[in-house]
Amino acid sequence: MTRFWRDLALGVRLATSGGREGRLRLLLTAVGVGLGVVLLIAATAMPAAVDSRRLRMEAAELGQSAEPPARSAHTLLVQRWQTEFRERSVFGLVVEPEGPAAPVPPGLTALPRPGEMFVSPALRRLLDSPEGALLRPRLPYQVVGVIGEDGLSGPSEHRLYIGGSGLAAADDAERITHFGNPGHEPPFRPIQLLLILIIFVVLLLPIAVFIVAAVRFGGEQRDRRLAALRLAGADARMTQRIAAGEVLAATGLGLLLGLLLFFGARPWIDHVSAYGFDAFGSDLRPSPLLLAALLVAVPATAVGVALLAMRRVVVEPLGVVRRAAARRRRLWWRLVAPAAGLALVYPLAGQAAGATGEIDELRVAAGAAALLIGVTALLPWLVEAVVRRLGRGPVAWQLAVRRLQADSGTSARVVNGMAVAVAGAIALQMLYSAAQVQDAVRTGQDPRRAQALVSGFAATPEVVPSLAVVRGVRAAAAVTTTMARPAGEPATGGGPDQPMVVYQVGVGDCASLAELAELDRCADGDVFRTTGAPDAAVPPPGTRLAFGIQPEETVHWTVPADAPEVPARIDPTGNHTRGVLLTPAAAAAAGLPPVLRYDMTTVYLQLDPAEPDAIEHVRNTVLASWPHGRVQQLRETAETERFTVIRRALSAGALVVLGLIGVSMVVAMLEQLHERRRLLAVLAAFGTRRATLAWSVLWQTAIPVLLGLVLAVLTGVGLGVLLLRMTGTTVHLDWSSVGGMAAAGAGLILLVTALTMPALWRLMRADGLRTE
C-alpha cells in the first residue's frame with residue numbers, strides 16, 4: 001500500500017513540475033475539466049430549481065375555497081391585470097383589502113394603497129429604462145416597493161400588485177381569504193416526455209465527451225514521459241499508478257476549479273436569461289447525493305480513460321519514444337455501441353404514439369446515448385481511414401495531412417464533442433418538429449387580414465376613430481354586436497321548456513361588414529341577412545325584433561322585407577357572424593345606438609409591419625380611452641405553456657452547450673499548437689510563410705470536422721427516424737435545419753482558427769527554438 005501511494009504521489013509531482021510547459025499543460029486540463037464540471041453540477045441542481053420555481057408559482061396563486069367567502073376582516077378583493085409589452089407578459093393583481101387582516105401576497109410586506117404598486121425587480125428595471133417609456137402610460141401608479149424573491153417564479157418575471165378601490169362593483173373581481181393553491185398538473189404527454197429525455201441526453205453527453213477529451217490534453221508528451229519511465233525499469237502497474245497520479249492531479253484541480261466557478265457564479269445567475277428561461281441563483285442547489293456521485297465519477301472516469309489510452313506505453317514503450325506508426329484502428333468493436341443502441345430503441349416503435357402511450361425512459365435514454373457514443377468511437381477510425389488516402393496538394397495541405405496521418409486521434413478527440421452535439425441536435429430537431437405539430441393548436445385566426453383585435457363592452461363613439469389614427473395602424477374595421485329576440489317574448493325566456501330565441505345583430509360600415517359577409521354591393525342604410533353559417537339563427541324578412549332587457553329601454557325594429565341574403569364569411573378570428581348586419585344609417589333609423597353602445601364592440605386592426613411597436617401604441621390608446629377593451633394579437637397557431645417552457649429550456653441549454661463546444665475546440669487547438677511549438681518555430685525559421693502555416697492549421701481542423709459532420713448527420717438522422725417511429729409520426733426530414741447545423745459546424749471551424757491565430761503567430765517566433 002505504501003508503494004501504491006508513493007507511485008501516485010510521483011505522478012502528482014510529475015504533473016505539477018516540468019516548468020512552464022508542465023504547468024500550462026496542467027492548467028489546460030484543469031480548465032477543460034472545470035468547465036465540464038460546472039455544467040454537470042448545474043444539471044444536478046436543475047431538479048431543485050424547477051421544484052422551487054413550481055412551489056413559488058403555486059404560493060402566488062389565488063386561494064380557492066369550497067364556498068365563495070363572505071366579506072370580513074380577513075378577505076381581499078382582487079382583479080387580474082395583464083398586458084403584453086414587446087413579447088413580454090406583464091401581469092399581476094389589483095388588490096383592495098376589506099379588513100385589517102386581509103391576506104398579503106408572497107413577496108410583499110404590506111398591501112399597496114390606491115394609486116400605489118409593488119413591482120418585480122425586472123419590471124422596475126424596465127420601467128426605469130428608456131425602453132420602458134412606451135409602457136409607463138399603462139402603469140400610472142407610484143412604485144412603493146419591490147416584490148421579494150419568494151413571490152416570483154424567476155428573476156425576469158414582470159409581475160406587479162396595484163392598490164385599487166371600488167372593486168366590489170367590478171364584474172371580474174374575486175374575493176379571497178388566502179394565497180396559495182397547490183397545482184395538480186396533468187401528466188406529460190408521451191412525446192413531451194420523450195422530448196425531455198432526449199434533451200437531457202443530447203445536452204449532457206457532449207459535456208461528458210468534452211471532459212474525456214480534456215483529460216487527454218498533453219497526451220503525447222505524457223505518453224513519451226511514461227514510456228521513458230517504462231524503459232528505465234518501471235513495471236506496467238507502476239506506470240499505470242504514476243499515470244493515475246498525473247490524471248488525478250489535473251482532475252482534482254479541475255474539480256476544485258469547477259466548484260469555485262459554480263458557487264462563485266451562482267449569485268450572478270439572477271442576471272442571466274436565455275430565451276426567456278432563467279432561475280434564481282439560490283434555486284441552484286445541487287443534490288448532495290448527486291454531487292458526491294459526480295465528484296467520484298469524474299476522477300474515476302478520467303483515470304479509466306487515461307489508463308485505456310496508454311496501452312502503447314505499457315506494451316510498446318520503445319515505439320512511443322521513437323514515434324513509430326501505430327497499428328491501424330479496428331472497426332468491429334466500434335460498431336458495438338451503435339448496434340446496442342439500435343437494439344434498444346428499434347423494438348419500441350409506436351410506444352409513444354398518441355396521448356396515452358408509455359415510455360421505457362431508461363431504455364430510451366440508454367439507447368440514444370449508445371447511438372451517440374458510437375459517433376465518438378467511429379470518428380477516429382473514419383478520420384484515420386480517410387487521411388491515409390489523402391495525397392498531393394499545396395504545402396499547407398500536405399502539412400495538415402501529414403500531421404493527421406501521424407496522429408489522427410488527437411484531432412478526432414477535439415471534434416468528438418461537436419459531432420455528438422450535431423448528431424443529437426439533428427435527432428432532437430426532428431423530434432421537436434413532430435412534438436410541435438402535436439402540441440400546436442390552430443387558432444383559426446387569419447393574421448393576413450388583421451394583425452390585432454380590440455374587443456370589449458361600453459365602447460364610446462370616439463374609440464374607433466382614435467384607434468384608426470394610432471401610430472402604425474393602417475386600417476381599422478369595427479363591428480358592434482348585440483342580441484335581439486322576437487317581439488313579444490320575455491327578455492328572460494319562457495322557462496326550461498321554452499328556451500329563449502335570440503338573433504345576433506351587427507352594426508358597422510360597409511368596409512367592416514365585408515369582413516363578416518361576402519357583399520357584392522353595399523351602401524350606408526343597407527340591411528343584410530347572413531346565410532351559410534353553422535347553427536345559423538337568422539330572422540325571416542318582416543320579423544319584428546325587440547332589443548334591450550328593461551321595458552323602458554326596449555326598442556322594436558322590423559327586419560325589412562327586401563333585406564338581401566349574403567353568404568356569411570369567416571372573420572379574421574376564425575368565427576362566423578350570423579344573423580342580421582346593419583349599416584350605421586340603418587341602425588340610426590331603427591333607433592338602435594342607445595342600446596348598442598352597451599354591447600360588444602370588436603375592432604379589427606391592420607398594422608404596419610414597418611412599425612414594430614404599433615401594437616404597443618394600440619395598447620396605450622386602448623387603456624386611456626377604453627378601459628374595458630382587450631387587445632389581442634392574431635396568430636395562426638398557439639402552443640401550450642408547458643411546451644413553451646420545454647422550448648425555452650432547450651434553446652437555453654443548446655446555447656450553453658454550443659458555447660462549451662466552441663471553448664473546448666479553442667482550448668484543444670491551443671494545446672496542440674503548444675505541443676508543436678518547436679516544429680512551428682523551425683518551419684518559420686526556414687522561411688515558411690505565416691499564411692501557409694495558418695492554412696495548415698485550418699485544414700488540420702477542417703478535415704476532421706467535415707468528416708465528423710458527415711458521421712453526425714447520418715447518426716442524427718438515424719436516431720431521429722427511430723424516435724419518430726416511437727411516436728407513430730410520419731418521418732419528415734427538414735433539410736434546411738440539417739443544412740443549418742452543418743453550416744454552424746463549418747462556421748465553427750473558421751471561428752476556432754481565427755481565435756487561435758494570435759497564439760500561432762507567437763509560437764512561430766525564433767525564441768520557440770530554445771530547449772529547456
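Residues numbered from 1 in each chain as written. Predicted model: local features only at pLDDT ≥ 70, side-chain atom pairs only at ≥ 80, totals over all residues. Heavy atoms only, no water.

Examining the overall build of the protein
Our working definition: A run of H or I in DSSP counts as a helix once it spans at least four residues, and a run of E counts as a strand once it spans at least two, with each numbered from the N terminus. Exposure categories follow from relative accessible area, calculated using a 1.4 Å probe and restricted to protein chains: below 20% of the type maximum is buried, above 50% is exposed, and the middle band is partly exposed. Pairs of residues are marked as contacts when any of their non-hydrogen atoms sit within 4.5 Å.
Broken down by element type, the protein carries 22 helices and 18 strands. A burial count over the protein gives 48% of its 772 residues as buried. Counted over contacts in the protein with a minimum sequence separation of 6, partners at least 24 positions apart contribute 82%.

Remarks on the pairing of strand β4 (residues 142-146)
Put simply, the rule is: At least two bridges found by DSSP between two strands is the condition for calling them paired. Crossover handedness is defined by viewing with both strands directed away from the observer: a clockwise path from the first strand over the helix to the second marks the crossover as right-handed.
Pairing geometry for strand β3 (residues 116-119) and β4, over four bridges, is parallel. From the neighbouring strand, Met-117 faces β4, where its bridge partner is Val-143. Between the parallel pair β3 and β4, the chain is carried across by helix α3 (residues 121-128), and the sense of this crossover is right-handed.

Details of the packing of helix α11 (residues 361-387) against helix α21 (residues 690-727)
To be explicit about the condition: Axis geometry follows a simple rule: fit a line to the C-alpha atoms, using only the stretch in contact for helices, then measure angles between N-to-C directions, giving values from 0 to 180 degrees. The labels follow the angle: roughly parallel below 35 degrees, roughly antiparallel above 145, roughly perpendicular from 65 to 115, and oblique for the rest. In this scheme the handedness of a crossing depends on how the near helix is turned from the far one: anticlockwise by less than a right angle means left-handed, clockwise means right-handed. Residues are sorted three ways: Asp, Glu, Lys and Arg are charged, Ala, Val, Leu, Ile, Met, Phe, Trp, Tyr, Cys and Pro are nonpolar, and all the rest, Gly among them, are polar.
Between α11 and α21, whose axes approach to 9 Å, the crossing angle comes to 155°. What the angle tells us is that α11 and α21 run roughly antiparallel. Note that α11 runs across α21; the crossing there is right-handed. Counting all contacts with α11, which are made through Val-364, Ala-368, Leu-371, Leu-372, Val-375, Leu-378, Leu-379, Leu-382, Val-383, Val-386 and Val-387, the residues of α21 involved are Ile-703, Pro-704, Leu-707, Gly-708, Leu-711, Thr-715, Leu-719, Leu-722 and Met-726. The residue inventory of the contact of α11 with α21, partitioned by class, reads 18 nonpolar, two polar and no charged.

Remarks on the packing of helix α1 (residues 2-16) against helix α6 (residues 236-265)
Two measures define how a pair of helices packs: the angle their axes make with one another and the distance between the axes. For the pair α1 and α6, interaxial distance at closest approach is 7 Å and the crossing angle is 50°. Classified by the interaxial angle, the pair formed by α1 and α6 is oblique. As α1 packs across α6, the resulting crossing turns out to be right-handed. Together, Arg-3, Phe-4, Asp-7, Leu-8, Leu-10, Gly-11, Val-12, Leu-14 and Ala-15 of α1 and Met-238, Arg-241, Ile-242, Ala-244, Gly-245, Glu-246, Leu-248 and Ala-249 of α6 make up the contact between the two elements. The residue inventory of the contact of α1 with α6, partitioned by class, reads eleven nonpolar, two polar and four charged.

Re helix α10 (residues 336-345)
Rules: Each C-beta atom gives one direction from the helix axis, and the arc is the one those directions make.
What α10 keeps buried is the set Pro-338, Gly-341 and Val-345. Buried residues along α10 cover an arc of 60° about the axis, so they all sit on one side. In this structure, the buried side of α10 is in contact with α11 and α21.

Looking at unusual backbone geometry
Located in the positive-phi region is Arg-86, a residue other than glycine, with phi close to 50°. Checked against the element boundaries, Arg-86 lands in the loop between β1 (76-85) and β2 (88-97). On the basis of relative accessible area, Arg-86 is assigned to the partly exposed category, the value being 32%. Backbone geometry at Glu-87 places phi at a positive 70°, although glycine is not the residue there. For Glu-87, a relative accessible area of 63% translates into the label exposed.

So, the nonpolar core
In a soluble, globular protein the nonpolar side chains are often hidden away together inside. Applicable threshold: In this description, a nonpolar core means a group of buried Ala, Val, Leu, Ile, Met, Phe, Trp, Tyr and Cys residues linked to one another through side-chain atoms lying within 4.5 Å.
Residues Leu-194, Ile-198, Leu-372, Met-418, Leu-723 and Leu-760 are the most contacted members of the largest nonpolar core, which totals 71 residues. Where this core is concerned, the elements lending two or more residues are α4 (190-215), α11, α12 (395-406), α13 (408-439), α19 (641-675), α20 (677-685), α21 and α22 (735-763). Leu-8, Ile-207, Leu-255 and Leu-294 belong to the second largest nonpolar core, which has 23 residues in total.

Description of the sheet that holds β3
Spatial strand order, β4-β3-β5-β2-β1-β6: six strands in an open sheet with mixed pairing. Either end of the sheet is taken by a strand with one partner, and the two such strands are β4 and β6 (174-176). Geometrically, the sheet is characterised by an average inter-axis angle of 30° between neighbouring strands, direction not taken into account.

A short note on the pattern of salt bridges
Stated precisely, the cut-off is as follows: Any Lys or Arg side-chain nitrogen located within 4 Å of an Asp or Glu carboxyl oxygen qualifies as a salt bridge.
Taken as a whole and judged by the stated rule, the model has 20 salt bridges. Residue Arg-113 is joined to Glu-116 by a salt bridge in which the shortest nitrogen-to-oxygen separation is 3.2 Å. A residue is classified by how much of its surface remains accessible, and Arg-113, at 57% relative accessible area, is exposed. Take Glu-116: its relative accessible area is 13%, and that puts it in the buried class. Of the charged contacts, one joins Arg-471 and Glu-611 as a salt bridge, the two residues approaching to 3.2 Å between their closest N and O atoms.

A look at α11
Applied cut-off: A helix's residues, less one, multiplied by 1.5 Å, set its expected span. Bend, in this description, refers to the angle at a residue between axes fitted to the seven residues ending there and the seven starting there.
With 27 residues, α11 should reach 39 Å at 1.5 Å per residue; the first-to-last C-alpha distance of 40 Å fits that figure. Where α11 bends most, at Leu-378, the angle is about 35°, and the proline Pro-380 comes one to four residues later.

Overview of the packing of aromatic side chains
To be explicit about the condition: Classification of ring pairs rests on two measures: the distance between centres of Phe, Tyr or Trp rings, Trp counted by its six-membered ring, which must be within 6.5 Å, and the angle between planes, read as stacked under 30 degrees, edge-to-face over 60 and tilted in between. Placement of a charge over a ring requires the Lys NZ or Arg CZ to be within 6 Å of the ring centre, with the centre-to-atom vector within 35 degrees of the ring normal.
Per the counting criterion, the structure on display carries three aromatic pairs. Plain terms: the ring middles of Trp-397 and Trp-699 are 5.2 Å apart, the flat faces sit at 80° to each other, and that makes the pair edge-to-face. With Trp-397 in helix α12 and Trp-699 in helix α21, this pair connects stretches of sequence that are 302 residues apart. Connected via pairs of aromatic rings, a cluster forms that spans Trp-397, Trp-695 and Trp-699. Over the ring of Tyr-346 we find Arg-725; its NZ or CZ atom is 4.3 Å from the centre of that ring.

Looking at the side chain of Thr-376
The line we're drawing: Under this definition, polar contacts are N or O atom pairs within 3.5 Å; protein pairs additionally need one hydrogen-donor-capable and one acceptor-capable atom, and for neighbouring residues in sequence, both atoms have to be side-chain atoms.
Among the structural elements, Thr-376 can be located in helix α11. Reaching out from Thr-376, the side chain makes a polar contact with the backbone oxygen of Ile-373 at a distance of 2.5 Å.

Examining the state of the cysteines
Operational definition: The disulfide definition used here is simple: a pair of cysteine sulfur atoms within 2.5 Å.
Scanning the entire structure with this criterion turns up one disulfide. Across the disulfide from Cys-510 sits Cys-522; the S-S distance is 2.1 Å. In this structure the cystine formed by Cys-510 and Cys-522 twists about its S-S bond by roughly -75°; its chirality is therefore left-handed. Of the two residues, Cys-510 sits in helix α15 (residues 510-513) while Cys-522 sits in the loop between α15 and β11 (527-531), which places them twelve residues apart along the sequence. Owing to a relative accessible area of 22%, Cys-510 belongs among the partly exposed residues under this scheme.

As for the environment of Ala-425
Here Ala-425 is to be found in helix α13. Here the alpha-carbon distance between Ala-425 and Val-713, two residues 288 residues apart in the chain, equals 9.5 Å.

Section: the side chain of Thr-601
Relative to the elements of secondary structure, Thr-601 occurs in strand β16 (residues 600-607). Among the polar contacts made by the side chain of Thr-601, one reaches the side chain of Thr-480 at a distance of 3.1 Å. The contact partners of Thr-601, leaving out residues within four places of it in the chain, are Val-454, Ser-455, Gly-456, Ala-459, Val-479, Thr-480 and Trp-626.

Regarding the environment of Gly-163
Within the element layout of this structure, Gly-163 appears in strand β5 (residues 158-163). Note on Gly-163: relative accessible area 5%, which makes it buried. Counting along the chain gives 49 residues from Gly-163 to Pro-114, while the straight-line C-alpha distance between them is 4.2 Å.

Quick look at the environment of Thr-29
Inspection of the secondary structure assignment puts Thr-29 in helix α2 (residues 19-59). Given a relative accessible area of 4%, Thr-29 falls into the buried group. The spacing of Thr-29 and Arg-216 is 187 residues in sequence and 7.7 Å in space, taken between C-alpha atoms.

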